[in-house]
Amino acid sequence: MRVSSRKSSEHERTPGYGIQIGYRTLSIRVEEKDLPSKAKQSADPADAIASIDVHLISTDEVYTRYSCHPTVGLEDAAVQRRSKDAKNVISPPPTQHWKKILNYIFGGFNFLMWIAFIVTILSYKPLGGSSPSAVNLGVAVLLMLVIIISATFYAFVDWNASRIMKSIKSLIAHEAAVIRDGKQQLILATDIVVGDIVVLSTGDRVPADLRIVTASSDLRFDRSLLTGESDMVPGSLDATSDNALETRNLALTSTFVTQGTCNGIVFATGDRTIMGRLVKMSGETKFKLTTIQKEVWFFTKVISSVAFSMFGISLLLFGVWLRTSYPGYDTISLAIMNSIGCLTAFVPQGLPLCVALSLTIIARRMSKRHVLVKNLATIETLGCMSVLCSDKTGTLTAGKMVVESIAFLDHRLLVSEIDEKISEAPEPRFFAGLSALHQTARLCNGAKFDSATADRPIHERNVKGDPTDTALLRFSEALSVPALNIDTSALLSSSRKLFEIPFNSKNKWMLSVVQETRTAKGDITEKDSTTWMLVKGAPDMLVKSCTTVMRSDGAVVPFDEASREYIDSLQSDWSSEGQRVLALCRKPLEALKPNLPPNEMEELMYSEIGNLTLVGLVGIRDPPRPDVPSSVAVIRRAGVRVFMVTGDFKLTAVAIARQVGIITQHSVDTINDVRAASSEKHLTDVPIRAIKPSEDGPIRALVLTGEDVSTLTTADWHIIVGQYTEIAFARTTPEQKMKIVEEIKARGDNTVAVTGDGVNDAPALKAADIGVAMGSGSDVAKEAAALILLNNDFASIPVAIEMGRLVFDNLKKVTLYLMPVGSYTEFMAVVTNVVFGMQLPLSSYLQVCFSITNDVVMSISLMYEKAEADLMLRKPRNARTDRLTDWKLFFQIYCFIGLMAWPCAMSMWFVYMDQQGLGFHDVFLAYNNWTAGYHGFTGDQLVHFVSVGQCIYYVTMVFMQYGNLLAIRNRRVSLLQSNPLWGPRKNIAVPIGMVATALIAVINLYGPGLQNVFLTTPIPGMFWGPPFAFGLGILCVDEVRKLIVRTYPKASANLFLLS
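What you see is a predicted model, and the numbers here were worked out from it, not measured in a lab.

Thresholds, definitions, all that
Residues numbered from 1 in each chain as written. Predicted model: local features only at pLDDT ≥ 70, side-chain atom pairs only at ≥ 80, totals over all residues. Heavy atoms only, no water. Helix = DSSP H or I, 4+ residues; strand = E, 2+ residues; numbered from the N terminus. Buried < 20%, exposed > 50% of the residue type's maximum accessible area, 1.4 Å probe, protein only. Patch = residues over 30% accessible without salt bridge, like charges linked within 9 Å, V, L, I, M, F, W, Y side chains within 5 Å. Areas by Shrake-Rupley, 256 points an atom, 1.4 Å probe, with all protein chains shown as cover. Salt bridge = Lys/Arg side-chain N within 4 Å of Asp/Glu carboxyl O. Pairing = 2+ DSSP bridges. Axes fitted to C-alpha atoms, helices over the stretch in contact; angles between N-to-C directions. Contact = heavy atoms within 4.5 Å. Phe/Tyr/Trp six-rings, centres within 6.5 Å; stacked < 30°, edge-to-face > 60°. Lys NZ or Arg CZ within 6 Å of the ring centre and 35° of its normal. Expected span 1.5 Å × (residues − 1). Bend = angle between axes of the 7 residues up to and from the residue. Core = buried A, V, L, I, M, F, W, Y, C linked by side-chain atoms within 4.5 Å. UniProt positions renumbered as here; feature names shortened; annotations may be inferred. Parallel < 35°, antiparallel > 145°, perpendicular 65-115°, else oblique. Left-handed = near helix turned anticlockwise from the far one by under 90°. Nonpolar A, V, L, I, M, F, W, Y, C, P; charged D, E, K, R; others polar.

Colleague: What is the right way to look at unusual backbone geometry in this model?
Modeller: Glycine aside, negative phi is the norm for most residues, and most peptide bonds take the trans geometry. Although it is not a glycine, Ser67 adopts a positive phi angle of roughly 55 degrees. Position of Ser67 relative to the elements: it lies in the loop between helix 4 (59-65) and helix 5 (76-82). A relative accessible area of 10% places Ser67 in the buried class. The phi dihedral of Asn792 falls on the positive side, at around 55 degrees, and the residue is not glycine. Here Asn792 is to be found in the loop between strand 31 (787-789) and helix 31 (796-834).

As structure tokens, then:
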């Protein structure tokens, strides 16, 4: 960061604030009068934004307006007064509760229930005539209860899931660095007040609206949240536009610093910021459907269309055929009630409830792992993940870097043995080079200690800065060698920073211009001072600019070829051990003009990078997170390829990749092998969606650098994505990381997830299907990600993958459970009545009751099913081709389970009728013959026969579902290895659901009120047993299917056997 004035540097070296009395008096006077900016307040957000003028006044006027000092910031008393205003929090847009309530009431399949309710009311009055049936009114009341209960359930689940995720979100404490009372300190972003001087560096979220007062020459902002444009916007000290939204000397809240550093004075906080006013103007944000929501919505539309069509066809048949051909067979009121079965039969009412319930289950499990999911339904997308591109530093590694080794041209030593080596040397001056190394490490550093923790041991102090700078800061702060006059406080007091170019992922180095000063008679003078250009960064970027090299005794010698080979060898050795290697360089600057404009100074420094002296190398150890190797193994067993994408050196990347299990092969291919394969025209005839490694092919490993990536052709990418399972991309820029993600997504129907924590990861996180950020990462990365691992727990990723797969698996099971009996078997009862002239085997009341009580109670238990043993051994689901409902599922419903279920229920109806003396042909095609006197029976007897037969049909469905539920709990594993009562697949919700559905059946048959209104009745004892046998039969047949699937997995995958 360029220092704006001499006062700033002098203050860093001398105690006290140095504020003149006149300045303090002015501060008090300005605070007590109406400020110009406050006089322009407006109730209209647009007018308030247009009235902003802080960008048009000079820097000195800004300090005066907001009563703060350039180096002191705000005093504590001023902070206390101003903190009485509202907190620095943007109020969320007002929730339009009426829209939510309408969605609860009419969402899902509820709108069909409303149609059924209205039609049922009409069938009671006026279509019911002078003596309408009480059954119609009872069914209408039941439908209304269904709507009320469903809407209440949707609302409760939505509220509960939101409450859980808000509690997790509250764990994120956004902090900001401010200057108060002359000290830089970290505070909560919510505690910022107008007039605070905020210190921003690369990766920071801008916590409030700021007027920039000092800035580095390379300052860049990401304003995409505000403007929608992804291009980086330069920052400046002067206004570039009268429009506050377009000028470049304002840093606006919720934007991000993507490059450089700056200081800014807060001129607006919370709802008074530009973002706060825009939120107030824009209202509620739009909602986007996720993968699983689209699947369910598609299925809902299909089923609803079919149900409504069948309802219409049923009424049409009555109107044009039955009413004329068989007069008296049905009244219009009865025809409507019978047709209601088409609506209730086809609608799997439990499916939307289970989708909603799954969100609560996900929220609860994610909260236990401290994972913030911005949209809970995106978890399912993780189940489709086929490629995981992971950053290295801070993601695969702990991000707690420690300097382990240092080296000069003639000497290398561990940090832990520095004191010992110096004491063993004949004279301390044999290690005089440590002084130059200490100077470069401490002064060419973008990290700073938090003054609030200055009294703690060095390793416990809070640091604001990236992990690499933090490691060097702690190392240099702790390095003290009195015999060599190495002392950090003395170094800082005798040095003044004139200019700085922060590290960025393109240059891969940082540069500082520092002036040494001399102290004479207590006064600081710049006479006879030396100006140094200090540079640190990647050896492969800096070594080529060095012409001399330093020995351990401080002597500088020419950097000949033998020396270069030694340095290259040393870098390779350390990198192969997994260390990050930095080169520390310096160069004296003669006759430097310190007051050049920032852009001119930057150009001058770029031209001066040459003829550097290589002071030494530093090896930094960043160990892998302990949970990463096992997590990578689990992810890879799940069929997900894990790639490393890092900005680090190639050998370091490969070493860490081997340690965590991303690369397991001894031989690692390079760009030359890729080019050789592409020249042989491999994969040229393969469709782009089919480009992926063969399941039976060998595992191949590859390492590529960013330079390689920039030269790859389309054919090269075909080879990389289509033949390699293990890849490490090294020395990549943010743009190259994004390109890697896009090229992988374009081939093989890959669903790509990206993990990262730095600013350089943000473009890739945005480009990915799922972005995963570490809680300790930069604000930019966390904003771009869909998931944030607050505890930096990499092991949460395979858990999230498993949960995504489990949600999809369980919803598929729910569909498979609901449709064969609750839909198909009910619908066949309606068909036999409307088309084949048989009395309705299942009354409208029992149809509705079964669909919305018995089936829902049982299906909910499926959402609590644990993962099947092979869930994380299957290959990832193809989000484009593997739908929630496909032809295999419908085959299972209508040609497998359904084809066993409805004949069983129908047979029980005919058996009972046969026992009453009414054979098959007497019941089938009876039409309007079913009246008093039919086969000698009275009208009341015939009505009683139908009522009992309907209850038998209902009971058969209820208990037959036991076998169906146990069968579809597992798609491959036998019930013997996964019973619901004990063991790893224990699910107490299953027996509870079974008991609950049996109680509902008993209440329906024996409840006096229900008997009077809905004509339900007890059934003969012999009809309670066979449904259990039918359920057992369905279970046994499905066990045979599972045996075939397990024995012949590949063959069954292409057949009707849903595997």
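Colleague: What's the story with a nonpolar patch on the surface in this structure? I'm lost.
Modeller: A grouping of Ile121, Leu137, Val141, Leu145 and Ile149 is seen on the molecular surface, where their side chains present a nonpolar patch of about 410 Å² in accessible area. Top contributing element to the nonpolar patch by residue count: helix 8 (residues 134-169), with four residues. Tracing the backbone shows Val141 in helix 8. Exposure remark for Val141: the relative accessible area of 44% places this residue in the partly exposed category.

Colleague: Just checking my understanding: could you explain the environment of Ser201 for this structure?
Modeller: Secondary-structure assignment places Ser201 in the loop between strand 3 (197-200) and strand 4 (209-215). Residue Ser201 is classed as buried on the basis of its relative accessible area, which comes to 19%. Residues Ser201 and Ala447, 246 residues apart in the sequence, show an inter-C-alpha distance of 9.4 Å.

Colleague: Hey, could you run me through the environment of Arg496 in this one?
Modeller: Within the element layout of this structure, Arg496 appears in strand 16 (residues 495-501). A residue is classified by how much of its surface remains accessible, and Arg496, at 10% relative accessible area, is buried.

Colleague: I keep staring at the sheet that holds strand 8 (residues 256-259) and nothing clicks. Help me out?
Modeller: Think of a sheet as strands paired side by side through backbone hydrogen bonds, with each pair either parallel or antiparallel. Read across the sheet, three strands follow the order 6-5-8 without closing on themselves; strand pairing throughout is antiparallel. Looking at which strands have only one partner, the edges of the open sheet turn out to be strand 6 (232-234) and strand 8. Between one strand and the next, the sheet's axes are offset by a mean angle of 45 degrees, whatever the strand orientation.

Colleague: Please explain the side chain of Asn833 as it appears in this structure.
Modeller: Of note, Asn833 is situated in helix 31. Not counting residues within four places of it along the chain, the set of residues in contact with Asn833 comprises Tyr329, Asp330, Asn338, Met838, Gln839 and Leu840.

Colleague: Would you explain the sheet that holds strand 7 (residues 250-251) in this entry?
Modeller: Reading across from one edge, 2-1-3-9-4-7 is the order of the six strands in this open sheet, with antiparallel pairing throughout. Among the strands making up the open sheet, the edge pair consists of strand 2 (183-188) and strand 7. Inspection of the sheet shows strand 1 (residues 175-180) paired to strand 2 by six bridges, in the antiparallel sense. Bridge pairing in strand 2 places Val178 opposite Gln185.

Colleague: How do you make sense of the packing of aromatic side chains when you look at a structure like this?
Modeller: Across all of its chains, the model carries 22 aromatic pairs by this definition. Judged by centre distance (6.3 Å) and plane angle (85 degrees), the rings of Phe850 and Tyr954 are edge-to-face. A residue pair is termed long-range when its members are at least 10 positions apart, and Phe850 in helix 32 (residues 844-862) and Tyr954 in helix 35 (residues 939-968) qualify at 104 residues. Each member of the pair, Phe850 as well as Tyr954, is classed as buried. Arranged with centres 5.7 Å apart and planes meeting at 45 degrees, the rings of Trp930 and Tyr934 form a pair that is tilted. Assigned by exposure class, Trp930 and Tyr934 land together as buried. Seen from the ring of Phe430, Arg429 lies directly overhead, with NZ or CZ sitting 5.2 Å from the centre. In this structure, Arg461 packs its charged tip against the face of Phe449, placed 5.1 Å from the ring centre.

Colleague: Is there a simple way to think about helix 35 in this case?
Modeller: Spacing of three or four residues puts side chains on the same side of an α-helix, whose turn is 3.6 residues. End to end, helix 35 covers 43 Å across 30 residues, agreeing with the expected 44 Å (1.5 Å per residue, within 8%). Gln961 marks the point of greatest bend in helix 35, at about 25 degrees. Taking burial as the measure, the 30 residues of helix 35 include 25 buried ones, the bulk of the element.

Colleague: Whenever I open this one, the pattern of salt bridges confuses me. Can you help?
Modeller: Side-chain pairs of opposite charge can arise whenever the charged atoms involved come near each other. A complete count under the given rule lists 36 salt bridges for this structure. Here Asp222 ties to Lys766 by a salt bridge, and the two come within 3.2 Å at their closest N and O atoms. Of the two residues, Asp222 sits in strand 5 (residues 220-222) while Lys766 sits in helix 29 (residues 762-767), which places them 544 residues apart along the sequence. Among the residues examined, Asp222 registers a relative accessible area of 10% and is labelled buried. Note that Arg1041 is salt-bridged to Asp1038, the shortest N-O span being 2.8 Å. Of this pair, Arg1041 and Asp1038 both sit in helix 38 (residues 1026-1047), three residues apart, which is roughly one turn of the helix. A network of salt bridges, in which partner residues are shared, links Asp809, Lys813, Glu868, Asp870, Arg874 and Arg972.

Colleague: When you look at the nonpolar core in this model, what are you seeing that I'm missing?
Modeller: Generally speaking, nonpolar side chains in soluble globular proteins are found buried as a group. By size, the foremost hydrophobic cluster in this structure holds 152 residues, and its most contacted members are Leu787 and Tyr954. The residues touching Leu787, leaving out its near neighbours within four places in the chain, are Val371, Leu372, Val373, Thr378, Ile379, Leu382, Ile770, Gly771, Val772, Ala773 and Ala800. Counting residues in each nonpolar core, the second largest holds 35 residues, with Val741, Ala762, Ala781 and Ala784 among its members.

Colleague: I would appreciate a short explanation of the UniProt feature "transmembrane region" (unreviewed entry) in the protein chain in the present structure.
Modeller: UniProt marks residues 101-122, 134-157, 296-322, 334-362, 889-912, 942-967, 988-1007 and 1019-1037 with the feature "transmembrane region" (unreviewed entry), using the numbering shown here. End C-alpha to end C-alpha, residues 1019-1037 measures 28 Å, and it is 63% helix and 0% strand.

Colleague: How do you make sense of the packing of helix 17 (residues 433-443) against helix 18 (residues 467-478) when you look at a structure like this?
Modeller: A pair of packed helices is characterised by two quantities: the angle between their axes and the separation of those axes. In the contact formed by helix 17 and helix 18, the axes pass within 8 Å of each other and the chain directions differ by 135 degrees. Taken together, the axis directions place helix 17 and helix 18 in an arrangement best described as oblique. Crossing hand, helix 17 versus helix 18: left-handed. Side by side, helix 17 and helix 18 meet where Leu437, His438, Ala441 and Arg442 of the first sit next to Leu472, Leu473, Phe475, Ser476 and Glu477 of the second. Grouping the constituent residues of the contact of helix 17 with helix 18 by class yields five nonpolar, two polar and two charged.

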